Amino acid sequence: MIIAERKPMEEIKQVTAPYKKLLLAGCGTCVTVCWAGGEKEVGILASQLRLARGTEGKDHAILEATVERQCEKEMAEELRSKVAEVDAVLSLACGIGVQTMAEIFEDKPIFPALNTTFLGMPEKEGVWVEMCGACGDCFLDRTGSVCPIVRCAKGLLNGPCGGTRKGGKCEIDPQKDCAWVLIHRRLIKQGRLYLMEKYYPPKNFRAVKRPGKIQAIKA
Ligand code: SF4
Ligand code: SF4
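Computed from a predicted structure; not experimentally measured.

A. Region of the structure containing the site of ligand 2. In the vicinity of ligand 2, the contacting residues are Cys-152, Ala-153, Lys-154, Leu-156, Pro-160, Cys-161, Thr-164, Cys-170, Glu-171, Cys-178, Ala-179 and Trp-180. The cavity that encloses ligand 2 is the largest cavity. The residue makeup of the shell around ligand 2, split by class, is nine nonpolar, one polar and two charged.

Pasting the structure below:
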């Protein structure tokens, strides 16, 4: 799931200040699950902006709408009539949603209300953990399906670094597990520890083709 968090209010106020009529556009999928951009969050941000603008005595109009997925053009299209009514759009979607909206509504400023942070897993209520950095050449077959690229603070392909703390915590952040301790434990359980005895050369970042595009072929 794509994880995002709301930008600071001051930044949102500053970027939207020149525009009298605004649409706050929510996204009903990933960012709703991580409490950053669903219908409820649109309502909260709209109230905060109305209050801020009201106390400044500014004439303004703030519209609200949420679609299921802003990253799909057909769904973003549902916002067309509302977008036509406003001077700018504040998108409560991830960066993909913001850019999808920008492709469709070329003549309208589309601003992000969120900071898109990582691809993660819900660990428990209100906590999400980064699991993948979309590196383009998945390494999980060699690491017991624990990603050292994002879960090791140093992104080591040959670990651990030598600084691992007692109890298996990371040298950099004692609150977090050392990814290489997790890898070690999993490989032992699976009888595949020989994978840790191999040397892996530096990652070839040419596998990450940017800008990426994939044409999936249906089976
Ligand atoms: S190795 Fe790359 S693709 Fe695989 S989980 Fe890690 S970052 Fe994601
Ligand atoms: S302690 Fe473990 S997770 Fe932390 S930087 Fe070293 S190898 Fe990576």
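B. Representation of the environment of Leu-157 in the model. Considering the arrangement of structural elements, one finds Leu-157 in the loop between helix H7 (148-151) and helix H8 (179-189). Residues Leu-157 and Trp-180 lie 23 residues apart in sequence; the distance between their C-alpha atoms is 9.3 Å. The residues touching Leu-157, leaving out its near neighbours within four places in the chain, are Phe-139, Ile-149, Trp-180, Tyr-200, Pro-201, Pro-202 and Lys-203.

C. Region of interest: the packing of helix H1 (residues 9-16) against helix H3 (residues 39-55). H3 packs onto H1 with a crossing angle of 65° between their chain directions and a minimal axis gap of 11 Å. One way to sum up the angle between H1 and H3 is to call them roughly perpendicular. When you trace H1 past H3, the crossing you get is right-handed. Contact with H1, carried on its side by Met-9, Ile-12, Lys-13 and Thr-16, involves Leu-45, Gln-48, Leu-49, Ala-52 and Arg-53 of H3 and no other residues of that element. Of the residues contributing to the contact of H1 with H3, the split by class is five nonpolar, two polar and two charged.

D. Focus on the sheet that holds strand E5 (residues 110-112). As summarised here, the arrangement of the four strands in space is E3-E2-E4-E5, forming an open sheet in which the pairing is parallel. The open sheet has two free edges, formed respectively by strand E3 (61-67) and E5, since each of these has just one partner strand. Within this sheet the neighbouring strands show an average axis-to-axis angle of 25°, counted without direction. The pairing of strand E2 (residues 21-27) with E3 spans seven bridges and is classified as parallel. Following the sheet pairing, Ala-25 is matched in E3 by Ala-65. Most of the contacts of H3 go to E3, to which it runs at about 170°, and overall it touches E2, E3 and strand E4 (88-92).

E. Fine view of empty space enclosed by the protein. Counted by the stated rule, this structure contains one cavity of 30 Å³ or more. Size it by volume and the largest cavity reaches roughly 100 Å³. In terms of lining, the largest cavity is formed by 13 residues, of which the most central are Cys-152, Ala-153, Cys-161, Cys-170 and Cys-178. Residue composition of the lining of the largest cavity, by class: ten nonpolar, one polar and two charged.

F. Main features of the pairing of strand E6 (residues 114-124). Pairing of strand E1 (residues 2-6) with E6 involves five bridges; the strand directions are antiparallel. Directly across from Ile-2, in E6, lies its bridge partner Leu-119. Strand direction decides the pairing type here: E6 and strand E7 (residues 127-132), joined by five bridges, are antiparallel. Its bridge partner lying in E7, Met-121 is registered against Val-129. A loop of two residues connects E6 with E7, the two strands running antiparallel in sequence, and Gly-126 in this loop sits at a positive phi of about 80°.

G. The site of ligand 1, seen in detail. Near ligand 1, the surroundings consist of Met-131, Cys-132, Gly-133, Ala-134, Cys-135, Cys-138, Phe-139, Leu-140 and Cys-147. Grouping the constituent residues of the shell around ligand 1 by class yields eight nonpolar, one polar and no charged.

H. Region of interest: the layout of surface pockets. Size it by volume and the largest pocket reaches roughly 630 Å³. Forming the boundary of the largest pocket are 19 residues, of which Ala-134, Lys-209, Arg-210, Pro-211 and Gly-212 lie nearest the centre. Elements represented by at least two residues in the lining of the largest pocket include exactly helix H6 (95-104), E6 and E7. A per-element tally of the lining of the largest pocket places E6 first, with four residues. Of the residues assigned to the lining of the largest pocket, the class counts are ten nonpolar, five polar and four charged. Taken as a whole, the second largest pocket spans an internal volume of roughly 430 Å³. Lining the second largest pocket we find 16 residues, and of these Val-129, Glu-130, Arg-151, Lys-176 and Asp-177 sit closest to its centre.

Basis of the calculations
Residues numbered from 1 in each chain as written. Chains lettered and ligands numbered in written order. Predicted model: local features only at pLDDT ≥ 70, side-chain atom pairs only at ≥ 80, totals over all residues. Heavy atoms only, no water. Near = heavy atom within 4 Å. 1 Å grid on protein atoms, 1.4 Å probe; cavity = no way out; pocket = protein on both sides within 12 Å on 5 of 7 lines; lining within 4 Å. Sits in = over half its atoms within 2 Å of the grid points. Nonpolar A, V, L, I, M, F, W, Y, C, P; charged D, E, K, R; others polar. Helix = DSSP H or I, 4+ residues; strand = E, 2+ residues; numbered from the N terminus. Contact = heavy atoms within 4.5 Å. Axes fitted to C-alpha atoms, helices over the stretch in contact; angles between N-to-C directions. Parallel < 35°, antiparallel > 145°, perpendicular 65-115°, else oblique. Left-handed = near helix turned anticlockwise from the far one by under 90°. Pairing = 2+ DSSP bridges. Points joined across faces, edges and corners; volume = space filled by probe spheres on them.

Worth remembering: the numbers are spatial, not functional.
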